[in-house]
6 protein chains.
Amino acid sequence: MRFDEAYSGNVFIGANPQLEQAQTVIYGIPMDWTVSFRPGSRFGPKRVREASLVLEEFSPYLSRDLSEFNYFDAGDIPLPFGNPEKSVHEIGAFVDQVLQKKKMPLGIGGEHLVTWPIVREVHKHYKQLAVIHLDAHADLRTDYEGEILSHATPLRKIAQLLGPENVYQFGIRSGTKEEFEYAREHIHFYPYEVLRPLKEVLPSLKGRPVYVTVDIDVLDPAFAPGTGTPEPGGIHSGELLEAIHAIARSEVEVVGADLVEVAPAYDPTEQTAVVAAKVIREMLLGFSR
Amino acid sequence: MRFDEAYSGNVFIGANPQLEQAQTVIYGIPMDWTVSFRPGSRFGPKRVREASLVLEEFSPYLSRDLSEFNYFDAGDIPLPFGNPEKSVHEIGAFVDQVLQKKKMPLGIGGEHLVTWPIVREVHKHYKQLAVIHLDAHADLRTDYEGEILSHATPLRKIAQLLGPENVYQFGIRSGTKEEFEYAREHIHFYPYEVLRPLKEVLPSLKGRPVYVTVDIDVLDPAFAPGTGTPEPGGIHSGELLEAIHAIARSEVEVVGADLVEVAPAYDPTEQTAVVAAKVIREMLLGFSR
Amino acid sequence: MRFDEAYSGNVFIGANPQLEQAQTVIYGIPMDWTVSFRPGSRFGPKRVREASLVLEEFSPYLSRDLSEFNYFDAGDIPLPFGNPEKSVHEIGAFVDQVLQKKKMPLGIGGEHLVTWPIVREVHKHYKQLAVIHLDAHADLRTDYEGEILSHATPLRKIAQLLGPENVYQFGIRSGTKEEFEYAREHIHFYPYEVLRPLKEVLPSLKGRPVYVTVDIDVLDPAFAPGTGTPEPGGIHSGELLEAIHAIARSEVEVVGADLVEVAPAYDPTEQTAVVAAKVIREMLLGFSR
Amino acid sequence: MRFDEAYSGNVFIGANPQLEQAQTVIYGIPMDWTVSFRPGSRFGPKRVREASLVLEEFSPYLSRDLSEFNYFDAGDIPLPFGNPEKSVHEIGAFVDQVLQKKKMPLGIGGEHLVTWPIVREVHKHYKQLAVIHLDAHADLRTDYEGEILSHATPLRKIAQLLGPENVYQFGIRSGTKEEFEYAREHIHFYPYEVLRPLKEVLPSLKGRPVYVTVDIDVLDPAFAPGTGTPEPGGIHSGELLEAIHAIARSEVEVVGADLVEVAPAYDPTEQTAVVAAKVIREMLLGFSR
Amino acid sequence: MRFDEAYSGNVFIGANPQLEQAQTVIYGIPMDWTVSFRPGSRFGPKRVREASLVLEEFSPYLSRDLSEFNYFDAGDIPLPFGNPEKSVHEIGAFVDQVLQKKKMPLGIGGEHLVTWPIVREVHKHYKQLAVIHLDAHADLRTDYEGEILSHATPLRKIAQLLGPENVYQFGIRSGTKEEFEYAREHIHFYPYEVLRPLKEVLPSLKGRPVYVTVDIDVLDPAFAPGTGTPEPGGIHSGELLEAIHAIARSEVEVVGADLVEVAPAYDPTEQTAVVAAKVIREMLLGFSR
Amino acid sequence: MRFDEAYSGNVFIGANPQLEQAQTVIYGIPMDWTVSFRPGSRFGPKRVREASLVLEEFSPYLSRDLSEFNYFDAGDIPLPFGNPEKSVHEIGAFVDQVLQKKKMPLGIGGEHLVTWPIVREVHKHYKQLAVIHLDAHADLRTDYEGEILSHATPLRKIAQLLGPENVYQFGIRSGTKEEFEYAREHIHFYPYEVLRPLKEVLPSLKGRPVYVTVDIDVLDPAFAPGTGTPEPGGIHSGELLEAIHAIARSEVEVVGADLVEVAPAYDPTEQTAVVAAKVIREMLLGFSR
């Protein structure tokens, strides 16, 4: 009887059932309460895990295989519906425990606000932290319709915590006039493009601890229609994969990562969940030490 | 040039462009922040209006025509994303103005929590108010995961305000043990069925001001799949229409009504929006004085 | 090599490849140019044929098997896009040839206007013709926005041709005030219900040639969401099947039939195409002599 | 850190993480290789578990709560793709272990062929076994296109093993002429209907060990479109729930059960998964001892 | 009470409620009667407006904000279903009034035939008019199955009116042999590509009044699946946006524009409506004076 | 009466009803029994034919028109459900007959295993055969979960039959470590890319008989979501079309071709069927002699 392997079909492909040996902890963050246009990313983590089964465990890009790595899938963090404050607290508490066990947190969202409490915890452990942010939206507002805890504000809060000079944004193609002005003045800002400027920037981050946050909508909606705020004019899935590979091959030290904003209700073909799963596989293989 | 009729395609079928003569005000309540399972009812009002165009203006059931009535479609109330407290306040303020103009409010949700601030305002104007509630879920919790303002609590709050003896529930087939015990002890509670007990109850409400709230999930998911918390074993669309007609033909005085929980993301055939539009047409024709 | 059977998968289940021995001719009428709400029934015939493959060739209701009958599937009539006048002419010409070969025409629509030219031809061959019409909509307008050839007018034109006393409508639950008044005064009109009044009426039609036209929207949208003008409050698929069986077991002489308004773009589950295919199978088995 | 509860979101609602105390074992059977029309039920078990989260743990019908019961969700049995023989063997081996631990197996399919190896094992432990079968299709063929192990044959094989007089079929509305003749002559056969004949039959099974197998397509496609071979004219979800309750309240001893043929690719609204989850909840609450 | 802002959610994002100050008039043209393959673009304008809400009002490409411009959304022109002749007349009459008020018409289709009456009116006001046409299809037929007013003919009629030397086509990758021969001989014809030849051509149009018509199917179906006649091998959304920007930055005088052929029934992810809305935002910001 | 043209709407666009004069035979191979992730490609051939109607018969890329060619659409090969061995035999027998009639077989899948029996037959007639394989997956396993006849093995079997030096793979981006090692050592292997290496390789194949097999998943899922194992990071539809054109213009002798793995259940927009149909049109025009 295979009761011990019973849940094997419900975790990310190739996950190890034992936490202790794992170097990396995958976890879902099923929160979407502050999404203004199309909610539903609370179901993103489950569908990304399910979609991961279409993939091979071997990455020909990196010539590595998931079987060579040890990682644990912790399931979804239980979060209080509709309460951003408490949710942000719970996420932070979870990530803190992962970091105290000296494991790398690899989160699957959920809306982008979740990156704020994650980075706040990571920053406690890595004071020189820099953030690499791939997204269609700047997420640099001070508030959204008066709310400070919003899917539109996390990078602004992160910039305030780390210093804007430690934030690197790529692929941005949407925001308010104020966000673009702030971005151009204060942070490392590379709108529209991803791979070319990323390759230029990476050498300057050599040896630094880096947190990587990817909003799936950095892809054009053709490649990732299942997301809350699709923004046409984005990059192709091949470019996003190459960007992950460029970071993996660079000399930065990735200390945490996430991929957010997969919304299954707008993904009837499952293509968004599949591309998200592939990006996470490459993160697992490329970022794990 | 028809600029004056320009918006005619974007309002509920047959709506009158002038507010002042209108007896009834249709309004959308695009809120779904406290929905725990499948969000998206924030888009419900728009799609119900669009779907209303498939209908005739004439109801053969009631032998009345929308052209004989005067009603205004006020569009959607602007609500602050993700903030139940402020949203509840905004909804109440809107409904208060409608009532002060001596017009009947007819709301399209949005999640069911919206009924709480509406009824609170209506109750200020009609002290003998009774509530007729058609739903799959009792919505009688004192809180949901600690939150008092939740899609699972509005009827409990209403029962506390009006006295539980003024709440009549029909069609309920889901809830916690505590909700069912509370319902059986304190309110007028007719689970599973709608039409038969409703017809029995209506004479006892003769002459009373009544607020009617319909959660579209009182229908079986076969008839209304596009909703946040589908619950199999529900009634058919024919029975729901007959229930509206029974109220319309009774001697109660309907002073307000709503239909909530239409979630377009789970309604690829638009059938949920269409049945919701038909129920609203019958409410307009049957409840307007 | 099975080149001779090559198309077997593209015709209605069990169709005979030879026209000459066939008693019945199935044909598609891919027209939807006058549909006002949701077009797309031009693809109905193809998807109904495809869906027929889910069915058995045996009907336990009638204890008959398609293998005992000889019928031919003539494919779709080629029609000029967007031109109702010419289309109506082409349909009539096709049906005329079927009738001249002494075969029963069994059409798959396409919008309901197609029934007008069909019945006009059938009437030339059967002067005592009566029409049994199952539908949600009365289709009794004299014109629709000024157009006489419209999906909203065919039964009025038929009533004028045959005399309204030869038209029997069942299940109607939508129309203008004028249509309902006309129907109640002039034709045999049984709104909302189908099976009960049909069983009462059939004996009076004993020995008469009868044309049966079924709009799939006589079903509630729960049973047939994939249609142009869904109208909630309809009958169940079981009742529609029983209605066909009642006609088949009666002593009327069915001389032609059609099933119309299947719109695949609103049928992601294919359930509308499947129920349409089953109704056609029962018509084939029950109406063929 | 909640790593111990980590998988709570990926099992059937309310499942107990410990096998040993469980009375009932839920397991998925992700097989669909012999499905002839629309495959995809291999994904059924996962989506039914996910959909179970929309439900309450309390059943007002039975006045029982999942928290009062102890059951384990064993995940999906790993099966060799495309190999019916080996799959049948694996399923049997799994069920044997569940039975040896004196637990009740409650399976989620997957195609209906899976019931054959399950019943074969159950029969080894309960020699007086009777089978109650709710389905649209008789599944009584001796073979399907020459294959003995097919989704069209399991009940025939079961009838041969147990004796046809121990097989009770309800709701059947599709099959070949031969299947209907065999059914009418040899087994207890109640086509088209479910609840009425079931209530009549149950007293005669008093005290007998009974296996209950439900094909979700016993429901009309309006209630369960997401299935491989939809067959219009079926029962409503309310009737299916009542049937489960009737068995639960009878004096038969249910020793195992399954629900099969949920195909998510044809279930864009998730309504089929939801009704399946509710039926399984009622089975858990009603059949567990 | 916000009744004066009531319709704000039903118009294109940022639209001004007053016509008189507006420089540009957005209007919907809900016509699809001559579409031969997949109809449904009659619902395009409504869904494009709804999708516009996902966008910011600021364009980082053009460094302009909708709040700096004054434009009015006139809603959809009421058109007679199924009647191309009358529809063409109504469209022309509407555009004439817009032009007489010295405002720029910006249309949302609807099928491509609508461009014919629009350009005919624009030409009356701007005799030196040139047309820039971005499309997958040449639309240069003299007739389509005998019909002159067809979605396949508008550019031919425009070429006859303006002189073919005033027509510039980009991105064409489908047509008959005759259309390609005509195009290569008579008009400025740049098949397959858009941005490169457009940038070459624009200087030669300096100072000329230009009408810009974009068929959304110039995009590859990956970027715009929701259209009537998808044609693989098209350009990416980034290239289309750049093309609009190139025109905006050139020295031509854009005197009108449209975007046509968005068909929501084939757009379950809404990605086509979103990219159409973004193109219209860029047209508004880039073409308005 | 057009009974002789009756099936014209159910075959690939422009197909000739007479087999004998045809140079090319199109045939469907409705098999998907060994697909491990998402089955359903058994319906691929029918939907590709239906989608072909959106296309023109003229290819501007090749300046050829289907009317200049003679080809026959043989429909789908009848295959025994769930039986790979017999299916492989039937496919081989069919192709043998096509080849004996000196016609080129052009197959539409169905899963990729079908290419194995096809190439085996083609190889009997063309001993110098080379295979050009465009795919996301190497399909080079010796077995899949113990099964030799699997969708994951056909190219390995082909390499063993023809000699690996006669196999040319392009676009591969997924496989096991073993497959990539085998590919790099033994066959002509060009991962990730298609057009550039293909153009380099073609001159070396001058005069050779070549079989071309295209798995639609060589395209990125953005361009072909409706497939069994979508793999992000693929090529664009424009590149695939150019690859077909490059082969057509080269001096190889194409003696057979197929396009496989179109799965309509995951293709709600029909975009996958449409791009498949266009590739087949270009194969017909470019490969036919």
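Residues numbered from 1 in each chain as written. Chains lettered and ligands numbered in written order. Predicted model: local features only at pLDDT ≥ 70, side-chain atom pairs only at ≥ 80, totals over all residues. Heavy atoms only, no water.

Draft legend 1. Geometry of the pattern of salt bridges. Following the criterion strictly, the structure yields 97 salt bridges over all chains and no others. One salt bridge in this structure joins Glu-50 of chain D and Arg-47 of chain A, with 2.8 Å as the shortest N-O distance. Linking Glu-50 of chain D in helix 1 (residues 44-51) with Arg-47 of chain A in helix 1 (residues 44-51), this pair reaches from one chain into another. Beyond isolated ion pairs, a larger network of salt bridges with shared partners links Arg-38 of chain A, Arg-47 of chain B together with Glu-50 and Glu-270 of chain E. (Salt bridge = Lys/Arg side-chain N within 4 Å of Asp/Glu carboxyl O. Helix = DSSP H or I, 4+ residues; strand = E, 2+ residues; numbered from the N terminus.)

Draft legend 2. Representation of the packing of helix 2 (residues 84-100) of chain D against helix 3 (residues 115-125) of chain D. All names here are of chain D. Relative to each other, helix 2 and helix 3 sit at 35°, their axes nearing to 8 Å. Classified by chirality, the crossing of helix 3 by helix 2 is right-handed. Contacts between helix 2 and helix 3 involve Val-88, Ile-91, Gly-92, Val-95, Asp-96, Leu-99 and Gln-100 from the former and Trp-116, Pro-117, Ile-118, Arg-120, Glu-121, Val-122 and His-125 from the latter. Here the residues of the contact of helix 2 with helix 3 sort into 8 nonpolar, 3 polar and 3 charged. (Axes fitted to C-alpha atoms, helices over the stretch in contact; angles between N-to-C directions. Left-handed = near helix turned anticlockwise from the far one by under 90°. Contact = heavy atoms within 4.5 Å. Nonpolar A, V, L, I, M, F, W, Y, C, P; charged D, E, K, R; others polar.)

Draft legend 3. Region of the structure containing the UniProt feature "binding site: Mn(2+)" (unreviewed entry) in chain A. All names here are of chain A. Following the UniProt record, one finds the feature "binding site: Mn(2+)" (unreviewed entry) at His-112, Asp-135, His-137, Asp-139, Asp-215 and Asp-217. Maximum C-alpha separation among the annotated residues is 12.2 Å over a sequence range of 106 residues, consistent with a single clustered spot. Assignment of secondary structure puts Asp-139 in the loop between strand 6 (130-134) and helix 4 (154-162). On the basis of relative accessibility, which here comes to 6%, the residue Asp-139 falls in the buried class. Residue placement: Asp-215 occurs in strand 9 (residues 209-215). A relative accessible area of 2% places Asp-215 in the buried class. Apart from the residues lying within four places of it in its own chain, the contact partners of Asp-215 are His-112, Leu-134, Asp-135, Thr-227, Val-260 and Glu-261. Within the local environment of Asp-215, its side chain forms a polar contact with the side chain of His-112, the two groups lying 3.4 Å apart. (UniProt positions renumbered as here; feature names shortened; annotations may be inferred. Buried < 20%, exposed > 50% of the residue type's maximum accessible area, 1.4 Å probe, protein only. Polar contact = N/O pair within 3.5 Å; in protein donor to acceptor, adjacent residues only side chain to side chain.)

Draft legend 4. Spotlight on helix 2 (residues 84-100) of chain E. All names here are of chain E. Helix length check: helix 2 (17 residues) gives 24 Å between terminal C-alpha atoms against 24 Å at 1.5 Å per residue, within 8%. Turning to helix 2, its buried residues number three or more, namely Pro-84, Ser-87, Val-88, Ile-91, Gly-92, Phe-94, Val-95, Val-98 and Leu-99. Each buried residue of helix 2 lies within a common arc of 165° when the element is viewed along its axis, so the set occupies one face. Seen from the open side of helix 2, the exposed residues pointing more than 90 degrees away from its buried face are His-89 and Gln-100. The inward-facing, buried residues of helix 2 abut strand 1 (24-29), strand 4 (71-76), strand 5 (104-109) and helix 3 (115-125). (Expected span 1.5 Å × (residues − 1). Arc of directions from axis to C-beta.)

Draft legend 5. Highlighting the sheet that holds strand 7 (residues 167-170) of chain C. Residues and elements named next belong to chain C. Strand order in the open sheet formed by 8 strands is 4-1-5-10-9-6-7-8, with parallel pairing between adjacent strands. One side of each edge strand has no neighbouring strand; the edge strands of this open sheet are strand 4 (71-76) and strand 8 (188-190). Between one strand axis and the next, the sheet turns through 15° on average, direction left out of account. Bridging between strand 9 (residues 209-215) and strand 10 (residues 253-260) involves 7 bridges; their strand directions are parallel. (Pairing = 2+ DSSP bridges.)

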